[in-house]
Amino acid sequence: MHVDALIAPLLNGSAQGALLLLAALGLSLTFGQMGVINMAHGEFLMLGAFAAYLVQQVITASDLSIPVALPVAFVVAGLFGLLLEVTIIQWMYRRPLDTLLVTVGVSLILQQAALQIFPSQGVPVEKPGWLDGQLTVLGYDWPLRQLFTILLATVCVAALSAWLKHTSFGRRIRATVHNRDLAETSGISTRTVDRLTFFTGSGLAGVAGVAASLIGGTNSQMGAQYIIPAFLVVAAGGIGQLKGTIIAAWAVGVALSYFAYWTTGSLAQVLAFILVIVFLQLRPQGLFTVRTRSLA
Amino acid sequence: MTKKPWISLGGIGVFAVLLLAVAPLVLSDHWLNNLGKYCCWAIAAVGIGLAWGRGGMLVMGQGVFFALGAYSMAMHLTLESAGDRVPGFMVLYDPLAPLPAFWEPFRGAGFTLLAIVLLPVVVAGILGYALFKRRVKGAYFAILTQALAVALATLISSTIRETGGDTGLSDFKYFFGFVLNDPANKIMVFLIAAGLLVVCLLVVWQLYRSRFGELLVATRDAEERVRFLGYDPANVKLVAFVVSALMASIGGAMFVPIVGIITPAEIGAAASILMIAGVAFGGRASLFGPALGAMAVGWGQSSLGSTWPDGWTYILGLLFIVVILFLPNGLSSLPARFAAARRRPEQKAAPSAATPELEEVRS
Amino acid sequence: MTDASLVVTDLRVEFSGFVAVGGVSFDAHPGEVRFLIGPNGAGKTTCIDAITGLTKGTGSARLGEKELLGRQVHKIVRLGVGRTFQTASVFDELTVLQNLDIAAGRHRPAISLLRARRGVDPAIERALEETGLAGELTTPAGILSHGQKQWLEIAMLLVQDAKVLLLDEPVAGMSQDERTATGELLQRIAAKRIVLVVEHDMDFMRRYATRVTVLHQGRVLSQGTVAEVQADPRVQEVYLGTADAMTEG
Ligand SMILES: Nc1ncnc2c1ncn2[C@@H]1O[C@H](COP(=O)(O)OP(=O)(O)OP(=O)(O)O)[C@@H](O)[C@H]1O
Ligand SMILES: [Mg+2]
């Protein structure tokens, strides 16, 4: 067996895991911190990818357009998230399962709209020239695009955790998560906190979308394929656990990659699912909603 | 409180007469066939109503169990049509391809029927046991079931030689010895599906009025509290989940001879969500709501969905948003809502803690 | 009904380092109304949580020969240990009868679950009489008054045939008359059962307690009859703010 038979899935899987992590980061914020399951999160990711495409229509130099597209995608997806929060989700904080279904409806509508606005076969997002090369790792030519995904994920994680830890807004978010009533009586506007959290979480999906557009196709269906794995990553990582999310994303990415290498891509999905179920059997703690004393 | 179940039973009777006696007389073959298809979705929906409406388990992957029934049936019908030969699609790429081992037992009619019943029971039993005992619930449960549907659909799509892949299984000529093309046999197949729907309604009718129904609602609303009465809520939920899986499988099995084709698209995430849509629309916790809602959505899907697919998707999306947001108990809660609205000005009754769905529960 | 006693020995509960209950021992016997008191956060509820399996505790809690700690919640219930909650928790959307019927269910064979209920179980009738809820048979539990919900919870324990009743603040929020009714009810049912009451209401405690255990910061501060406990200077110190309440009429 060649070295790259072992190395390739590891590196590819790490990149896949990084992409998953990008998709899951926002979810872990909105679900982990707010308890809202946003099934349209995948479509926010799609919005980010289309935003990258649109940016490229204006800035044709792809070397430049992608760096510009990242913040644009963040803001576009974030604004859509904000809109969703203000119009629908804010009325449903006490009905988490129903929120899940309402956002399924939103995701159907967004997918269909994208299908009608953009060509149904999808749009091409040009890769910048500086991502064309390869890095040779132990005899395996690793595409720089994958390395870029990993770097992007690292930057996002670092920025997010710094934001949560060191800014006053981050502290307010954590205070609200910890004890909403207390936060409210201490003068924190929990409404503003909710909105900002949702904006940020959705914006991160947009960033993930740019990364996804550089690796796979950009089309109306692309979001749907991320939402379930991203959610499983959040679940396996444990609620509101950034560290857990990172490890879980990497593990799932690498596992999928090896499974796919040994079997087929689709069997890999089935195996990954079984893996998660087995994992839940072993470590259900990661799954428990925050332990409270109430019986609700 | 004691009278209401009998009214519901009467309703099932009327429904049965309409489906089994009136529909075959007044509907064209084409529409009768369509109605049969809606009945199959309705059977699965009745089970979803039990698991989700009464049990609080949002089953977003009923397509899995629908698939177990459907593919069991489809394999049998394919083999029956192929006779001694290996089914055509398998030898498309390799004329000498053998029949995969797991197909072999489905030659037998008895085995097939047994599989339609036992496969969902075993799969749902294992999955439910694993998840409920570990207290996996709420959104986690919902997403995991959906993940299973996605995984199964992907698996079927990619195993074109064994399962027909995306093109699915079709071209069935016989149904347990009956020629499927014969109009009389088509009516028979419809009657079986409609009859099974009525049976499923009777089953949940009895479950809802039984002590189990009350216990299930109690478990839905306060799972931990039930534990302190000496029950293991996991078992209560498991029973409801397994029954709902069985119903989905039965719906899937009848879907095959009626529609004549089964593909991964009919069982994947989107199809599973469509089943939920009907239940939400009709009223998740009511007796008739899930079935009627599923028939309505089924009608929309097969008529609007093909003539105006873009518009239909928007309608479906809006349906989720509007119904869940404003009418969480679906259309079946409308009468009670109107009645409550009319009563309110006259008498200021004690504040009713009950939502409409509970009127049903208390019956 | 039973002669077995509830014996708790060196019960400890920790929440990620914080010792909520640090080695509590007490016992309770049939025929007495046993009180567990203490200031807020003393660990009273946590003791009950540990005994009923809701929270993990170490040490021992035995009912007769049987160790309770380490068993699953519903298995502990099946040994005859029942409890109520500080915030009344009944099935709001079910009627009083349905609530009681579910509570009575653990003595029925599983298959009987599939049948509809016919009539009212004699045990349920008795419990309704006992708790004065007979008139509320078909009322949804959610619209009962606060006191009635507490009684319903006690009635559920009665039909459940619990040998041990652990009641967490059963008279909180009740009127004086309701308190008296509850106290008398507790005395009646304690004749054949173990009744352990967690309460803040000193007046109520004085009137109905046979023996009292005082908890403070997760430890037993004092134990004995009402008079003994009241005379204990440490108890008076802890209850400084409420010391008057302890000694006054
Ligand atoms: N799940 C938990 N996690 C962390 N700390 C807890 C938990 N449950 C209880 N505690 C702490 O344990 C201590 C004892 O709490 P407990 O509720 O048993 O007190 P209590 O005597 O019942 O008080 P009260 O009279 O207010 O009901 C408190 O300081 C409480 O904050
Ligand atoms: Mg307490």
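Residues numbered from 1 in each chain as written. Chains lettered and ligands numbered in written order. Predicted model: local features only at pLDDT ≥ 70, side-chain atom pairs only at ≥ 80, totals over all residues. Heavy atoms only, no water.

- Taking an unreviewed UniProt entry as the reference, chain C is identified by name as Urea transport system ATP-binding protein belonging to Actinoplanes philippinensis.

- Looking at an unreviewed UniProt entry, chain B carries the name Urea transport system permease protein, with the source organism given as Actinoplanes philippinensis.
- Of the comments in the UniProt record for chain B, the one headed Subcellular location (unreviewed entry) reads "Cell membrane". (UniProt positions renumbered as here; feature names shortened; annotations may be inferred.)

### Things to note about the overall build of chain B
Here is step 1: What chain B contains, in helices and strands, is 16 helices and 4 strands.
Here is step 2: The C-alpha atoms of chain B give 21 Å as radius of gyration, which agrees with the globular expectation for 363 residues (21 Å, within 12%).
Here is step 3: Oriented by its inertia axes, the alpha-carbon framework of chain B measures out at about 75 × 50 × 40 Å.
Here is step 4: For chain B, the proportion of its 363 residues judged to be buried stands at 57%.
Here is step 5: Partitioning the intrachain contacts of chain B with sequence separation of at least 6 by distance along the chain shows that 79% fall at a separation of at least 24.
Here is step 6: As displayed, chain B has an accessible area near 14,000 Å², and 68% of this comes from carbon and sulfur atoms.
Here is step 7: When the 26 positive and 20 negative side-chain charges of chain B are each reduced to one mean point, those points stand 13 Å apart. (Helix = DSSP H or I, 4+ residues; strand = E, 2+ residues; numbered from the N terminus. Rg over C-alpha atoms; globule rule 2.2 N^0.38 Å. Buried < 20%, exposed > 50% of the residue type's maximum accessible area, 1.4 Å probe, protein only. Contact = heavy atoms within 4.5 Å. Areas by Shrake-Rupley, 256 points an atom, 1.4 Å probe, with all protein chains shown as cover. Lys, Arg positive; Asp, Glu negative; His and termini not counted. Charge placed at Lys NZ, Arg CZ, Asp CG, Glu CD.)

### Re helix α14 (residues 309–326) of chain B
Here is step 1: Between the first and last C-alpha of α14 of chain B there are 25 Å, a value that for 18 residues agrees with the 26 Å anticipated at 1.5 Å per step.
Here is step 2: For α14 of chain B, the complete set of buried residues consists of G311, W312, T313, L316, G317, L319, F320, I321, V323, I324 and L325 of chain B.
Here is step 3: Taken together, the buried residues of α14 of chain B touch α4 (96–117) of chain A together with α11 (269–282), α12 (289–302) and α13 (304–307) of chain B. (Expected span 1.5 Å × (residues − 1).)

### Points about the coordination of the magnesium ion (ligand 2)
Here is step 1: Only T45 of chain C (OG1) and Q86 of chain C (OE1) from the protein reach the magnesium ion (ligand 2) as donors, at distances of 1.8 to 2.4 Å. Taken together, the residues span a long stretch of sequence, with T45 of chain C in helix α1 (residues 44–51) and Q86 of chain C in the loop between β6 (81–83) and α3 (96–104) at a distance of 41 residues. (Donors = N, O, S within 2.8 Å, 3.2 Å for Na, K, Ca; no water.)

### A short note on the nonpolar core
Generally speaking, a soluble globular protein has its nonpolar side chains buried in company with each other.
Here is step 1: L100 of chain A together with L197 of chain B are the most contacted members of the largest nonpolar core, which totals 257 residues.
Here is step 2: There are two domains that each give this core at least three residues, and those are domain 1 (1–80 + 163–249) and domain 2 (92–160) of chain C.
Here is step 3: If near-sequence neighbours (up to four positions away) are discounted, L100 of chain A is found in contact with I37 and M39 of chain A together with L58, M60, A139, A142 and I143 of chain B.
Here is step 4: Among the nonpolar cores identified, the runner-up in size contains 27 residues, and A28, L36, A50 and V81 of chain C belong to it. (Core = buried A, V, L, I, M, F, W, Y, C linked by side-chain atoms within 4.5 Å. Domains from an automatic or database assignment.)

### Here's the deal with the sheet that holds strand β5 (residues 66–67) of chain C
All names here are of chain C.
Here is step 1: Strands sit in the order β2-β1-β4-β5 across an open sheet of 4 strands; the sheet is antiparallel. Single-partner strands in this sheet number two, and they are β2 (18–28) and β5.
Here is step 2: Taken strand by strand, α1 contacts β1 (6–15), β2 and β4 (58–63), and its axis lies near 110° from that of β1. (Pairing = 2+ DSSP bridges. Axes fitted to C-alpha atoms, helices over the stretch in contact; angles between N-to-C directions.)

### Focus on the environment of T30 of chain A
Residue and element names in this part refer to chain A.
Here is step 1: By the element assignment, T30 lies in helix α1 (residues 3–34).
Here is step 2: Sequence separation of T30 and M222 is 192 residues, and the distance between their C-alpha atoms is 20 Å.
Here is step 3: Leaving out residues up to four positions away in the same chain, T30 has contacts with G35, V36, T197, F198 and G201.

### Examining the packing of α4 of chain A against α14 of chain B
A pair of packed helices can be characterised by two numbers: the angle between their axes and the separation between those axes.
Here is step 1: Put simply, α4 of chain A and α14 of chain B touch, their axes get as near as 8 Å, and they point 160° apart. In terms of axis orientation, α4 of chain A runs roughly antiparallel to α14 of chain B. Relative to α14 of chain B, α4 of chain A is oriented so that their crossing is left-handed. Residues D98, L101, V102, V104, G105, V106, L108, I109, Q112, A113 and Q116 of chain A of α4 of chain A form the contact with α14 of chain B, whose participating residues are D310, T313, Y314, L316, G317, L318, F320, I321, I324 and L325 of chain B.
Here is step 2: Looking at the contact of α4 of chain A with α14 of chain B residue by residue, the classes come out as 14 nonpolar, 5 polar and 2 charged. (Parallel < 35°, antiparallel > 145°, perpendicular 65-115°, else oblique. Left-handed = near helix turned anticlockwise from the far one by under 90°. Nonpolar A, V, L, I, M, F, W, Y, C, P; charged D, E, K, R; others polar.)

### Let's talk about a nonpolar patch on the surface
Here is step 1: A cluster of nonpolar side chains, contributed by V14, V17, L18, V22, L25 and V26 of chain B, occupies part of the molecular surface with about 580 Å² of accessible area.
Here is step 2: One can find V22 of chain B in helix α1 (residues 4–26). (Patch = residues over 30% accessible without salt bridge, like charges linked within 9 Å, V, L, I, M, F, W, Y side chains within 5 Å. Salt bridge = Lys/Arg side-chain N within 4 Å of Asp/Glu carboxyl O.)

### Quick look at the packing of aromatic side chains
All names here are of chain B.
Here is step 1: What the rule picks out here adds up to 22 aromatic pairs over all chains.
Here is step 2: Where W41 meets F255, the ring centres are 5.8 Å apart and the plane angle is 45°; that geometry is what we call tilted. Taken together, the residues span a long stretch of sequence, with W41 in helix α2 (residues 29–54) and F255 in helix α10 (residues 233–259) at a distance of 214 residues.
Here is step 3: Judged by its relative accessible area of 11%, W41 falls in the buried class.
Here is step 4: The buried category is assigned to F255, whose relative accessible area is 0%.
Here is step 5: Ring plane angle 50° and centroid distance 6.1 Å describe the contact between F89 and W103, whose orientation is recorded as tilted. Here the residue F89 occupies a position in the loop between α3 (62–82) and α4 (109–133), and W103 occupies one in the loop between α3 and α4, the gap between them amounting to 14 residues.
Here is step 6: For W103, a relative accessible area of 0% translates into the label buried. (Phe/Tyr/Trp six-rings, centres within 6.5 Å; stacked < 30°, edge-to-face > 60°.)

### With respect to unusual backbone geometry
Residue and element names in this part refer to chain B.
Here is step 1: Even without being a glycine, R135 presents a positive backbone phi close to 60°.
Here is step 2: In this structure, R135 sits in the loop between α4 and α5 (138–158).
Here is step 3: Overall, R135 belongs to the partly exposed group, its relative accessible area being 29%.

### Some details on the packing of α2 of chain B against helix α8 (residues 211–221) of chain B
Residue and element names in this part refer to chain B.
Here is step 1: For the pair α2 and α8, the least separation of the axes is 9 Å and the interaxial angle reads 50°. In terms of their interaxial angle, α2 and α8 are classed as oblique. Contacts from L50, G53 and R54 in α2 reach L216, V217 and R220 in α8.
Here is step 2: Classifying every residue of the contact of α2 with α8 by side-chain character gives 3 nonpolar, 1 polar and 2 charged.

### With respect to the domain arrangement of chain C
All names here are of chain C.
Here is step 1: You can read the domains of chain C as domain 1 (1–80 + 163–249) and domain 2 (92–160).
Here is step 2: Centre-to-centre, using C-alpha coordinates, domain 1 lies 25 Å away from domain 2.
Here is step 3: With 18 residues of domain 1 in contact, the opposing surface of domain 2 contributes 12 residues.
Here is step 4: Each partner contributes to the roughly 1,200 Å² buried at the junction of domain 1 and domain 2, and carbon and sulfur atoms together form 65% of this total.
Here is step 5: Of all residues in domain 1, the largest losses of buried area upon contact with domain 2 belong to M174, E178 and L185, amounting jointly to 30% of the total for that side.
Here is step 6: At the junction of domain 1 with domain 2, the criterion picks out 1 salt bridge.
Here is step 7: The partner of E130 in a salt bridge is R188, with the nearest N and O atoms 2.7 Å apart. (Buried area = accessible area lost by both parts, 1.4 Å probe.)

### Some details on the interface of chain A and chain B
Accessible area lost during the coming together of the parts is what is often quoted as the interface size.
Here is step 1: Contact with chain A, which involves 37 residues of that partner, is made by 41 residues of chain B.
Here is step 2: Summing both sides of the interface, chain A and chain B together bury roughly 3,600 Å²; the carbon and sulfur share of this comes to 78%.
Here is step 3: Our enumeration of links across chain A and chain B arrives at 1 salt bridge.
Here is step 4: Our count for the chain A to chain B interface comes out at 7 residue pairs in polar contact (both at pLDDT 80 or more).
Here is step 5: For the side of chain A that touches chain B, the secondary-structure elements that each account for two or more residues are α4, α9 (224–237) and α11 (265–282) of chain A.
Here is step 6: It is α4 of chain A that provides the largest number of residues to the side of chain A that touches chain B, a total of 13 residues. (Polar contact = N/O pair within 3.5 Å; in protein donor to acceptor, adjacent residues only side chain to side chain.)

### Examining the pairing of strand β2 (residues 140–143) of chain A
All names here are of chain A.
Here is step 1: Pairing of strand β1 (residues 134–137) with β2, which is carried by 4 bridges, proceeds in the antiparallel orientation. Pairing of L135 across the sheet is with W142, part of β2.
Here is step 2: Where β1 folds back onto β2 in an antiparallel hairpin, the turn is made up of 2 residues, including L138, whose phi is positive at roughly 45°.

### Examining the pattern of salt bridges
Residues and elements named next belong to chain B.
Here is step 1: Here the structure, examined in full by the defined rule, presents 30 salt bridges over all chains.
Here is step 2: E104 is paired through a salt bridge with R107; the nearest N and O atoms lie 2.9 Å apart.
Here is step 3: R107 gets classed as partly exposed once you look at its relative accessible area, which sits at 36%.
Here is step 4: Because the salt bridges share partners, they merge into one network encompassing K133, K137, E223, E224, R227, D232 and K237.

### Considerations on the environment of L19 of chain B
Residues and elements named next belong to chain B.
Here is step 1: Structurally, L19 can be placed in helix α1.
Here is step 2: Relative accessible area serves as the criterion here: at 5%, L19 is assigned to the buried category.
Here is step 3: Separated by 20 residues in the primary sequence, L19 and C39 have C-alpha atoms spaced 9.4 Å apart.
Here is step 4: Setting aside residues no more than four positions away along its own chain, L19 makes contact with P24, L35, C39, F190, A194, L197 and M295.

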